[in-house]
Amino acid sequence: MAAPSDVSIRHPVFAWMLMVGLIVFGMISYLGLGISQLPDVDFPVITVTVTWAGAPPDVMESAVADIIEDAVMSVDGTQLVQSTSQEGSAQVRIQFNLNQDINVALEEVQTKISQAARNLPQNIDPPVITKTNPEDQPIMWVAAYSAGSTLRSLMLFVRDHLRDAVTTVNGVGDVLLGGYVDPQMRVWMDNAKMMRNQVTSQDVIEALNAGNVLAPTGYQDRGDRERFVRVHSEFEDAKQCENVVIPSRQGQIIWKPLPLRFVAACEEGTDEIRRISRYRGIQPTVGLGVIKQHGTNAVAIGDAVKQKLAALKAYLPKGMNLGIV
């Protein structure tokens, strides 16, 4: 068999074409090569996260973590199972052998947890099962802060506008929110007024549940005409909340209209703040963690996000600003 050097000497054109082809295809591959701080590798680790609002750590361990641990112990290739329980949440970490197919293991873990669901508490949130990948960490953080607006208006702007604008950037896979709390309608009940009107807190809760329901309606047929009927049943402001009528008292109908404002006051606020984020000492701040898609260029995505944010600054509400971490 002739050596490669002999072939190149006898056929110089072939050698030149081979070298040019390697250079051209090498440049094309280099330009399309993803750049990232960490490799795109699926570690043989699966994490199961379960939340149960208000549950103490010992209850999370006995009623949730122990049951999930017993269920996943029989999955093929399981090497180590660890759990961490805290107030309102539990996390079970399952480590497999290095030669184990993590996608197959993920399906088996989902099947085992589905089978054990009947032994879990009924009012817990659905378990979240994820694989461990270094590329799932944010490549950059964007801080949205405001010195003049309220916390609720900041959260609404981030949820309805800013997050969607960042997510639509080419190459962005997901956006994490740090320090974010959901906007809510808070109802402050007055004990004296409730006693005067002989109304309990359960009566108020039932009236709110019945008066703030998004339900389908239908069509109204009038012979040759058909109209779509829509009922605005969700609260848009505090005034609409206070105008809700309490229909019953301990299950008995109240014949005289009793609006909610007679026994309580509504306020447009947020959920309870249990975590905060700061940017250069400014609070409140919402952090948006940008997670890139697997195999994409982190540098190019970061530049594209910065350009998008620079274009958005002209449309920010008064007093609001953005910062890059």
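K.L.:
Just give me the short version of unusual backbone geometry, but keep the residues and values in it.
P.N.:
Despite not being glycine, glutamine 198 has its phi angle at roughly 55 degrees, a positive value. Mapped onto the elements of the fold, glutamine 198 is located in the loop between helix H6 (191–196) and helix H7 (201–211).

K.L.:
Tell me about the sheet that holds strand S3 (residues 89–96), and please be specific about residues and values.
P.N.:
Read from one edge to the other, the open sheet built from 4 strands follows the order S2-S3-S1-S4, with strand pairing classed as antiparallel. The outermost strands of the open sheet, each flanked by one partner alone, are strand S2 (78–86) and strand S4 (128–132). Across the sheet, the axes of successive neighbouring strands diverge by a mean angle of 20 degrees, strand direction being ignored. The pairing of S2 with S3 spans 8 bridges and is classified as antiparallel. In the sheet register, valine 81 faces S3, and the bridge partner there is isoleucine 94. Contacting strand S1 (43–51), S3 and S4, helix H4 (residues 102–115) crosses the sheet at an angle of about 25 degrees to S1.

K.L.:
Explain helix H9 (residues 298–312) residue by residue, including any values.
P.N.:
Compared with the 21 Å implied by 1.5 Å per residue over 15 residues, the 21 Å span of H9 between its first and last C-alpha is a close match. Every buried residue of H9 is listed here: Ala298, Ile301, Gly302, Val305 and Leu309. Viewed end-on, H9 has its buried residues packed into an arc of 100 degrees, placing them on one side of the element. In H9, the exposed residues that point more than 90 degrees away from the buried face are Gln307 and Ala310. Those residues of H9 that are buried lie in contact with strand S5 (140–146), helix H5 (151–167), strand S6 (172–178), strand S14 (282–292) and strand S15 (320–324). A side-chain oxygen of the first residue of H9 lies 3.0 Å from the backbone nitrogen of valine 299; this N-cap is asparagine 297.

K.L.:
Before we move on, could you go through the nonpolar core and cite the residues and values that matter?
P.N.:
Residues Val48, Ile68, Val72, Ile94, Phe96 and Val109 are the most contacted members of the largest nonpolar core, which totals 26 residues. Of all elements in the fold, only S1, helix H3 (57–72), S3 and H4 reach the threshold of two or more residues within this core. Core analysis: the second largest hydrophobic core is formed by 23 residues, Ala144, Val166, Met320 and Leu322 among them.

K.L.:
Can you lay out the side chain of serine 89 for me, pointing to particular residues and giving the numbers?
P.N.:
With respect to the helices and strands, serine 89 occurs in strand S3. Excluding residues that lie within four positions of it along the chain, serine 89 makes contacts with Val50, Thr51, Met60 and Thr84.

K.L.:
Please give an account of empty space enclosed by the protein that cites residues and values.
P.N.:
Across all of its chains, the model carries 1 cavity of 30 Å³ or more by this definition. Considered as a void within the structure, the largest cavity measures approximately 50 Å³ in volume. Lining of the largest cavity is provided by Leu151, Met155, Gly179, Val181, Ile273, Arg275, Ile276, Ser277, Gln283, Pro284 and Thr285. Among the elements of the structure, H5 and S14 are those that each provide at least two residues to the lining of the largest cavity. Among the elements that line the lining of the largest cavity, the one with the most residues is S14, at 3 residues.

K.L.:
Please provide a residue-by-residue account of the layout of surface pockets, values included.
P.N.:
In this approach a probe as big as a water molecule rolls over the atoms, and the regions it shows empty are the leftover space. Roughly 710 Å³ of volume is contained in the largest pocket. Lining the largest pocket are 17 residues; nearest its centre among them are Ala53, Asp271, Glu272, Arg274 and Arg275. The class makeup of the residues in the lining of the largest pocket is 4 nonpolar, 7 polar and 6 charged. Its boundaries defined by the atoms lining it, the second largest pocket holds a volume of some 370 Å³. Grouping the constituent residues of the lining of the second largest pocket by class yields 10 nonpolar, 3 polar and 4 charged.

K.L.:
I'd like to hear about the state of the cysteines, residue by residue, with values.
P.N.:
Summed over all chains, the structure comprises 1 disulfide. For cysteine 241, the disulfide goes to cysteine 266, at an S-S distance of 2.3 Å. Because the sign of the S-S torsion sets the handedness, a value of about -55 degrees for the bond joining cysteine 241 and cysteine 266 places this disulfide among the left-handed ones. With cysteine 241 in helix H8 (residues 238–242) and cysteine 266 in strand S12 (residues 264–270), this pair connects stretches of sequence that are 25 residues apart.

K.L.:
Talk me through the pattern of salt bridges; I want residue IDs and the actual numbers.
P.N.:
Inspection of every chain in the model, using the stated rule, returns 4 salt bridges. As a salt-bridge pair, glutamate 268 and arginine 152 come within 3.6 Å of each other at their nearest N and O atoms. Residue glutamate 268 is found in strand S12, and its partner arginine 152 is found in helix H5; the two are separated by 116 residues along the sequence. The partly exposed category is assigned to glutamate 268, whose relative accessible area is 35%. Overall, arginine 152 belongs to the buried group, its relative accessible area being 19%.

Criteria and thresholds
- Residues numbered from 1 in each chain as written.
- Predicted model: local features only at pLDDT ≥ 70, side-chain atom pairs only at ≥ 80, totals over all residues.
- Heavy atoms only, no water.
- Helix = DSSP H or I, 4+ residues; strand = E, 2+ residues; numbered from the N terminus.
- Pairing = 2+ DSSP bridges.
- Axes fitted to C-alpha atoms, helices over the stretch in contact; angles between N-to-C directions.
- Contact = heavy atoms within 4.5 Å.
- Expected span 1.5 Å × (residues − 1).
- Buried < 20%, exposed > 50% of the residue type's maximum accessible area, 1.4 Å probe, protein only.
- Arc of directions from axis to C-beta.
- Polar contact = N/O pair within 3.5 Å; in protein donor to acceptor, adjacent residues only side chain to side chain.
- Core = buried A, V, L, I, M, F, W, Y, C linked by side-chain atoms within 4.5 Å.
- 1 Å grid on protein atoms, 1.4 Å probe; cavity = no way out; pocket = protein on both sides within 12 Å on 5 of 7 lines; lining within 4 Å.
- Points joined across faces, edges and corners; volume = space filled by probe spheres on them.
- Nonpolar A, V, L, I, M, F, W, Y, C, P; charged D, E, K, R; others polar.
- Disulfide = S-S within 2.5 Å.
- Salt bridge = Lys/Arg side-chain N within 4 Å of Asp/Glu carboxyl O.

In short, shape yes, function no, at least from these values alone.
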